[in-house]
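# Chains, contacts and geometry: an overview
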Amino acid sequence: MSLLLGAGHMARLKRLAQDFFSASSGTAIDGRTPDIGAAWVASSGTWIIDSSGARNNGTNADAIITINVGRTDYDASVHLTSGISSASLFAGLIVRGDSDGRAILVEIESDDDIAAYTRTSLGAYTVISSVAFNFTSGNDYVLRVTCQSSNFQVFVNGTSQFEFVSDFVGTSGPRVGMRMDTQGAGTSAYLFDRFEVDP
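Residues numbered from 1 in each chain as written. Predicted model: local features only at pLDDT ≥ 70, side-chain atom pairs only at ≥ 80, totals over all residues. Heavy atoms only, no water.

Attention shifts here to the overall build of the protein. In terms of regular secondary structure, the protein is built from zero helices and 17 strands. Within the span of the protein, comprising 199 residues, buried residues form 45% of the whole. When contacts within the protein are restricted to residue pairs at least 6 apart in sequence, those whose partners lie at least 24 apart make up 58%. (Helix = DSSP H or I, 4+ residues; strand = E, 2+ residues; numbered from the N terminus. Buried < 20%, exposed > 50% of the residue type's maximum accessible area, 1.4 Å probe, protein only. Contact = heavy atoms within 4.5 Å.)

Moving on, we get to the side chain of Arg119. Examined against the element boundaries, Arg119 turns out to sit in strand 11 (residues 113-119). One polar contact links Arg119 to Asp62, side chain to side chain, over a distance of 2.8 Å. Setting aside residues no more than four positions away along its own chain, Arg119 makes contact with Asp62, Ile64, Gly101, Arg102, Ala103, Ala124, Tyr125 and Phe168. (Polar contact = N/O pair within 3.5 Å; in protein donor to acceptor, adjacent residues only side chain to side chain.)

Scanning all chains against the criterion turns up 12 salt bridges. A salt bridge links Asp62 to Arg119; its shortest N-O distance comes to 2.8 Å. Here the residue Asp62 occupies a position in the loop between strand 6 (53-56) and strand 7 (63-68), and Arg119 occupies one in strand 11, the gap between them amounting to 57 residues. Across this residue pair, the class does not change: Asp62 and Arg119 are buried. Between Asp73 and Arg96 there is a salt bridge, with its nearest N and O atoms 2.9 Å apart. Taken together, the residues Asp73 in the loop between strand 7 and strand 8 (74-82) and Arg96 in strand 9 (residues 90-97) connect sequence positions 23 residues apart. (Salt bridge = Lys/Arg side-chain N within 4 Å of Asp/Glu carboxyl O.)

This part is about the layout of surface pockets. If you add up the space inside the largest pocket, you get close to 160 Å³. Surrounding the largest pocket, 14 residues form its lining, Ser43, Ile64, Thr66, Asp98 and Gly101 being those nearest its centre. For the lining of the largest pocket, a count of residues per class yields four nonpolar, five polar and five charged. (1 Å grid on protein atoms, 1.4 Å probe; cavity = no way out; pocket = protein on both sides within 12 Å on 5 of 7 lines; lining within 4 Å. Points joined across faces, edges and corners; volume = space filled by probe spheres on them. Nonpolar A, V, L, I, M, F, W, Y, C, P; charged D, E, K, R; others polar.)

A word on the sheet that holds strand 11. Taken in spatial order, the seven strands make up an open sheet running 4-7-16-9-10-11-12, and their pairing is antiparallel. Two strands close off the open sheet at either side, each with one partner strand: strand 4 (41-44) and strand 12 (125-132). Between one strand axis and the next, the sheet turns through 20° on average, direction left out of account. Bridge analysis of strand 10 (residues 103-109) against strand 11 gives seven bridges, and the strand direction is antiparallel. Paired with Ile108 across the strands is Ile114, a residue of strand 11. (Pairing = 2+ DSSP bridges. Axes fitted to C-alpha atoms, helices over the stretch in contact; angles between N-to-C directions.)

In this structure, Asn157 takes a positive phi of about 50° despite not being glycine. Positionally, Asn157 belongs in the loop between strand 14 (151-156) and strand 15 (159-165). Within the chain, Arg194 stands out as a residue other than glycine whose phi angle is a positive 50°.

Quick look at the packing of aromatic side chains now. The full count for this structure, using the stated rule, is eight aromatic pairs. Their ring planes at 85° and their centres at 6.1 Å tell us that Tyr117 and Tyr125 sit as a pair that is edge-to-face. On the basis of relative accessibility, which here comes to 14%, the residue Tyr117 falls in the buried class. Taking the relative accessible area as the measure of exposure, Tyr125 reaches 25% and is therefore partly exposed. (Phe/Tyr/Trp six-rings, centres within 6.5 Å; stacked < 30°, edge-to-face > 60°.)

So, on to the environment of Thr27. By the element assignment, Thr27 lies in the loop between strand 3 (17-19) and strand 4. Placed 21 residues apart in sequence, Thr27 and Ile48 show a C-alpha to C-alpha distance of 5.5 Å. The contacts of Thr27, once residues within four sequence positions are left out, are Arg32, Trp47, Ile48 and Ile49. From its side chain, Thr27 meets the backbone oxygen of Ser24 in a polar contact 2.7 Å long.

Take the confidence of the model for the protein next. Of all residues in the protein, 85% attain a pLDDT of 70 or more, and the chain-wide mean is 87. Across residues 1-5 the pLDDT falls below 50, and counting only partners more than four positions away or on other chains, this stretch makes 14 contacts in the model. (pLDDT = per-residue confidence, 0-100.)

Following this line, the structure appears as structure tokens:
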């Protein structure tokens, strides 16, 4: 996003968070300061950096790691690569997360859809909206979610997939990050890279 300052000059707003996960393989991400932004906090899972990005080093069904970007509107994106073929691979972005674990999740699912969910503090998920999507194992996907008040729009590889409205957390949730559910499929199920959050 840019602001017009006058006389044709543009000023870009400061990026809220960024991590290209360029540290040494095996580096723990929990507690690590990213390229831009506050330190990562893992609420579940064991997140590490490897030679190709970030991943959860385990088979957690609900591995989540987030950054505090403050109570604001933003545009969040992440590059996802699926490492194996499975009927049960889910990975995506946590947005509007709060300190109690409530959040909205938008993810790409290997059973051929993209879905948005609410997440309660007890870890229960409820579908908000979903669309069919032709998932292919090994492909790279850029998942992007724009959050403007209670209005959300979801893109994959630059193409709008769907929009939805949710007041589940409102604008009070300052945390944004990544979530992976391997369903026991193994540590290489997904790689995350180029995590970016812009105002």
